[in-house]
Amino acid sequence: AQSVTQLDSQVPVFEEAPVELRCNYSSSVSVYLFWYVQYPNQGLQLLLKYLSGSTLVKGINGFEAEFNKSQTSFHLRKPSVHISDTAEYFCAVTMLNTDKLIFGTGTRLQVFP
Amino acid sequence: EAGVAQSPRYKIIEKRQSVAFWCNPISGHATLYWYQQILGQGPKLLIQFQNNGVVDDSQLPKDRFSAERLKGVDSTLKIQPAKLEDSAVYLCASSPLVWADYNEQFFGPGTRLTVL
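The rules behind each value
Residues numbered from 1 in each chain as written. Chains lettered and ligands numbered in written order. Predicted model: local features only at pLDDT ≥ 70, side-chain atom pairs only at ≥ 80, totals over all residues. Heavy atoms only, no water. Helix = DSSP H or I, 4+ residues; strand = E, 2+ residues; numbered from the N terminus. Rg over C-alpha atoms; globule rule 2.2 N^0.38 Å. Buried < 20%, exposed > 50% of the residue type's maximum accessible area, 1.4 Å probe, protein only. Contact = heavy atoms within 4.5 Å. Areas by Shrake-Rupley, 256 points an atom, 1.4 Å probe, with all protein chains shown as cover. Lys, Arg positive; Asp, Glu negative; His and termini not counted. Charge placed at Lys NZ, Arg CZ, Asp CG, Glu CD. Salt bridge = Lys/Arg side-chain N within 4 Å of Asp/Glu carboxyl O. Buried area = accessible area lost by both parts, 1.4 Å probe. Nonpolar A, V, L, I, M, F, W, Y, C, P; charged D, E, K, R; others polar. Phe/Tyr/Trp six-rings, centres within 6.5 Å; stacked < 30°, edge-to-face > 60°. Core = buried A, V, L, I, M, F, W, Y, C linked by side-chain atoms within 4.5 Å.

**Side note on the overall build of chain A**
Piece 1. Scanning chain A for helices and strands turns up zero helices and 12 strands.
Piece 2. For chain A, the α and β elements follow one another from N to C terminus as β-β-β-β-β-β-β-β-β-β-β-β.
Piece 3. Computed over its C-alpha atoms, the radius of gyration of chain A comes to 13 Å, within 12% of the 13 Å expected for a compact globule of 113 residues.
Piece 4. Burial analysis of chain A (113 residues in total) assigns 46% to the buried set.
Piece 5. In chain A, of all internal contacts separated by at least 6 residues, the share reaching a separation of at least 24 is 56%.
Piece 6. Only carbon and sulfur atoms are counted for the fraction: they give 51% of the accessible area of chain A, which is about 5,400 Å².
Piece 7. Here chain A contributes 8 positively and 9 negatively charged side chains, and the mean placements of these two sets differ by 7 Å.

**Looking at the pattern of salt bridges**
Close approach of charged atoms lets side chains of opposite charge pair.
Residues and elements named next belong to chain A.
Piece 1. For the structure on display, the rule yields eight salt bridges over all chains.
Piece 2. With a closest N to O distance of 2.8 Å, Lys78 and Asp85 form a salt bridge.
Piece 3. For Lys78, a relative accessible area of 7% translates into the label buried.
Piece 4. Residue class for Asp85 comes out buried when judged on its relative accessible area of 3%.
Piece 5. Counted as one network, the salt bridges with shared partners bring together Glu20, Glu66 and Arg77.

**Examining unusual backbone geometry**
With the exception of glycine, most residues fall at negative phi, and the peptide bonds are largely trans.
Piece 1. Put simply, Ser7(B) and Pro8(B) share a cis peptide bond, and its omega is -10°.
Piece 2. One can find Pro8(B) in the loop between strand 1 (5-7) and strand 2 (10-13).
Piece 3. Here the phi dihedral of Asn41(A) falls at roughly 60°; this positive angle occurs in a residue that is not glycine.
Piece 4. Along the chain, Asn41(A) turns up in the loop between strand 5 (31-38) and strand 6 (44-50).
Piece 5. Accessibility expressed as a relative area gives 47% for Asn41(A), which makes it partly exposed.

**Some details on the interface of chain B and chain A**
Frequently, the measure chosen for interface size is the accessible area that the parts lose on association.
Piece 1. On the side of chain A, 19 residues touch chain B, which itself brings 24 residues to the contact.
Piece 2. When chain B packs against chain A, the two sides together hide about 1,700 Å² of surface, and 51% of this comes from carbon and sulfur.
Piece 3. When the buried area of chain B at its contact with chain A is split by residue, Asp101(B), Tyr102(B) and Phe107(B) rank highest and sum to 33% of it.
Piece 4. Along the contact surface separating chain B from chain A lie one salt bridge.
Piece 5. A salt bridge links Asp56(B) to Lys100(A), with the nearest nitrogen and oxygen atoms 3.6 Å apart.
Piece 6. Mapped by element, the contributors of at least two residues to the side of chain B that touches chain A are strand 4 (31-37) and strand 5 (44-50) of chain B.
Piece 7. Residue contributions to the side of chain B that touches chain A peak at three residues, all from strand 4 of chain B.
Piece 8. Its residues placed into classes, the side of chain B that touches chain A shows nine nonpolar, 10 polar and five charged.

**A closer look at the side chain of His75(A)**
Piece 1. Structurally, His75(A) can be placed in strand 9 (residues 73-78).
Piece 2. Look at His75(A) and you get buried, because its relative accessible area is 13%.

**A word on the packing of aromatic side chains**
Piece 1. Considering all chains together, one arrives at 14 aromatic pairs over all chains under this definition.
Piece 2. Where Tyr36(A) meets Phe103(A), the ring centres are 5.7 Å apart and the plane angle is 55°; that geometry is what we call tilted. Of this pair, Tyr36(A) sits in strand 5 while Phe103(A) is found in strand 11 (residues 102-103), placing the two residues 67 residues apart along the sequence. Comparing Tyr36(A) with Phe103(A), the two get one shared label, buried.
Piece 3. An aromatic cluster of at least three residues, connected via ring pairs, comprises Phe34(A), Tyr36(A), Phe90(A), Phe103(A), Tyr33(B), Tyr35(B) and Phe107(B).

**Concerning the nonpolar core**
Piece 1. Of all hydrophobic cores here, the largest spans 28 residues; its most connected members are Leu33(A), Trp35(A), Leu47(A), Leu48(A), Phe74(A), Leu76(A) and Tyr89(A).
Piece 2. Those elements that provide at least two residues to this core are strand 2 (10-14), strand 3 (19-21), strand 5, strand 6, strand 8 (64-68), strand 9, strand 10 (87-95) and strand 12 (107-112) of chain A.
Piece 3. Ranked by size, the runner-up nonpolar core spans 21 residues in total, among them Leu60(B), Phe65(B), Ile79(B) and Val115(B).

And the structure:
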């Protein structure tokens with residue numbers, strides 16, 4: 001079975017500072033990896049995904065993530081955050097050729113002025 | 001293009017009452033999902049439909065939860081009777097059925113249920 005661990009439940013950061021949100025996964029088979037963002041009172045929006053190819057994936061709003069198979073990690077990064085990036089971020093996995101998403105518990109990113 | 005619509009956005013009920021949620025997916029999307037998101041946790045898949053057939057309902061508490069998608073378009077999720085632990089946000093998502101590595105899921109805004 002697959003599982004996702006997001007160790008940081010909250011990450012406070014000042015505006016224009018860099019940020020990294022950590023995600024580790026566990027699976028005995030190959031997986032696809034995703035990061036979703038959830039703004040208050042809204043549904044989930046896909047930030048980026050890794051299916052295959054280059055391990056560095058670029059997404060929307062200046063975010064990027066790097067797939068590290070040996071460390072089973074898929075950390076999300078942004079070099080300079082804005083106030084508008086304040087939201088909940090979820091890492092998720094799915095097995096190849098299935099659509100069933102397994103989500104982590106989320107990381108609350110709080111950006112301060 | 002209109003997104004996934006859900007109603008109501010908020011619902012407060014007392015335990016043992018029944019409640020129903022409605023979802024209208026993006027036009028043309030064959031697959032529809034219902035997720036439960038309890039506070040402090042990530043979304044958990046309850047049921048997945050492809051057209052009007054159930055693909056996966058392994059995590060649906062069938063003694064109290066039911067869902068249907070009769071015409072392969074919109075869907076309803078019902079809880080009867082509700083328990084305190086059912087308090088959560090219920091998210092609906094849809095995806096197209098295309099020949100691709102992965103069919104992206106598009107999420108609605110959710111229905112926040114509070115059971116008192």
